[in-house]
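Tertiary structure, described
The primary structure of each chain is shown beneath.
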Amino acid sequence: MRLTFCRSVQLLILGLGFWQISGPAQAPTQPNRSSVSPTIADKKPVIAGACKACPWGILAKVTADALSFYGYQTTICWVCWSSFGPREMGDKTKPVMPPGAELDIPEYIEPPPDAIPDISATSESNLIDAWNGAGPYAADHRQRRNYRVIAVIRTSTYMLAAASKKSGITNLKEIKDRTQPTWIVGGNPIIFDHYGIKVDDLKAKGGGIMPPVGSGPTRVSREKRASADVFIGTGLLANTPEQRSWYEASQLSDLVFLDFEEPLIARLAQEPGYQRATVPLALFRGVDRPIPTVMRPNHLIYVRDEAPDQFAYAVAKALDEHRDLFQVQLEPWYYDPKTVAVSKVIPMHPGAMKYYRDRGYLK
């Protein structure tokens, strides 16, 4: 009897807290408090982001700042980048410091929080890989199907290819039969396969691959990166760690931006998280025309399926009502009511869906 009474009081308190956020007509069903993360219950959620100048770190900060208007004190993991965040979210494990992270720019990171993340941000393509156990998650030999999306946020990250003018390369198909050493920054397995580019062949001729980012022994200076012959990968004009190789190379080297063949574009557009797009004139120094390509527009703010409806509702509401926060960040993000609830592979959280229906974004 006493346990029943205490549980009723706890549920009443949670219900009143939600009333303050969204009003009586909007309150979704609240699960038993015993299943709620203690950090969410205390309104101190932990969000798995990335470094402070990384795209997903920026989304984490926007989310934390938006939630602060509703009494939440959010802790951000600034080292939950790459495949770390989706693994830690799906497996409910505490964040760890990635190997070599201490060699990166120190002001970009902090030690990870000593708590399991409640919410996270990553690209749609990355989370789909984790969902299906593909790509960087294939070695885990498992699928992670406990993700639920709160919001789909958009940006413009284009697939690009360029060659230094001094290399004389005017088409990626020339690389395969090139006799002199060819150094490539970045890469993409589909593009390499289409043009018959093999890393072993590059090495045999005295060339190879330079990473656009990296730590430890794989790190290279910006001057060395900019001296490469070819650049391949997604990019936009922002000095994030993921994009800065394009920022630097287009300034330190004279680049000739290359066209992709139509069959290749069609193949890339079939990849999860990608769609057709056109690189706009003058995106970088050297882009002297619009260039057909693909882009990776969607990035996801997501939780686990166990997240309470009221929390998912609160996050969706906070991001919508404070969408101006997206407009003043390092990377150009935008919130579109027409696409914020459109996730083609990973399900939306029902609490977030209720908010979007209440707002009229969904019928």
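Residues numbered from 1 in each chain as written. Predicted model: local features only at pLDDT ≥ 70, side-chain atom pairs only at ≥ 80, totals over all residues. Heavy atoms only, no water.

Observations regarding the environment of Lys-92
Here Lys-92 is to be found in the loop between helix H4 (84–91) and strand S3 (119–123). For Lys-92, a relative accessible area of 39% puts it in the partly exposed group. Spatially, the C-alpha atom of Lys-92 lies 9.4 Å from that of Ala-115, the residues being 23 residues apart in sequence. When sequence neighbours within four positions are dropped, the list of residues in contact with Lys-92 reads Arg-87, Ile-116, Arg-304 and Glu-306. (Helix = DSSP H or I, 4+ residues; strand = E, 2+ residues; numbered from the N terminus. Buried < 20%, exposed > 50% of the residue type's maximum accessible area, 1.4 Å probe, protein only. Contact = heavy atoms within 4.5 Å.)

Quick look at the packing of aromatic side chains
Under the defined criterion, the tally for this structure stands at 10 aromatic pairs. With a centroid separation of 5.4 Å and an interplanar angle of 85°, the aromatic rings of Tyr-147 and Tyr-302 are classed as edge-to-face. Taken together, the residues Tyr-147 in strand S4 (residues 147–154) and Tyr-302 in strand S12 (residues 298–304) connect sequence positions 155 residues apart. This pair shows no difference in class: Tyr-147 is buried, exactly as Tyr-302 is. Between Trp-246 and Phe-257, the aromatic rings sit 6.0 Å apart at their centres with planes inclined by 25°, giving stacked as the arrangement. (Phe/Tyr/Trp six-rings, centres within 6.5 Å; stacked < 30°, edge-to-face > 60°.)

Focus on unusual backbone geometry
At Ser-82, a residue that is not glycine, the phi angle is positive and equals roughly 55°. Along the polypeptide, Ser-82 turns up in the loop between strand S2 (75–77) and H4. Using a relative accessible area of 40% as the deciding quantity, one classes Ser-82 as partly exposed. Non-glycine residue Lys-92 carries a positive phi angle of around 55°.

Regarding the pairing of S4
Counted residue by residue, S4 has 8 buried out of 8 residues, so it is predominantly covered. As defined by bridge partners, S4 adjoins S12 across 7 bridges and the pair is classed as antiparallel. Looking at S12, one finds that Ile-153 is bridged to His-299. (Pairing = 2+ DSSP bridges.)

Focus: the packing of helix H11 (residues 309–321) against helix H12 (residues 350–359)
Their axes nearest at 6 Å, the elements H11 and H12 cross at an angle of 45°. Classified by the angle their axes make, H11 and H12 are oblique. Between H11 and H12 lies a crossing whose hand is right-handed. For the pair H11 and H12, the contacting residues are Asp-309, Ala-312, Tyr-313, Ala-316, Lys-317, Asp-320 and Glu-321 in the first and Pro-350, Gly-351, Ala-352, Lys-354, Tyr-355, Tyr-356, Asp-358 and Arg-359 in the second. (Axes fitted to C-alpha atoms, helices over the stretch in contact; angles between N-to-C directions. Parallel < 35°, antiparallel > 145°, perpendicular 65-115°, else oblique. Left-handed = near helix turned anticlockwise from the far one by under 90°.)

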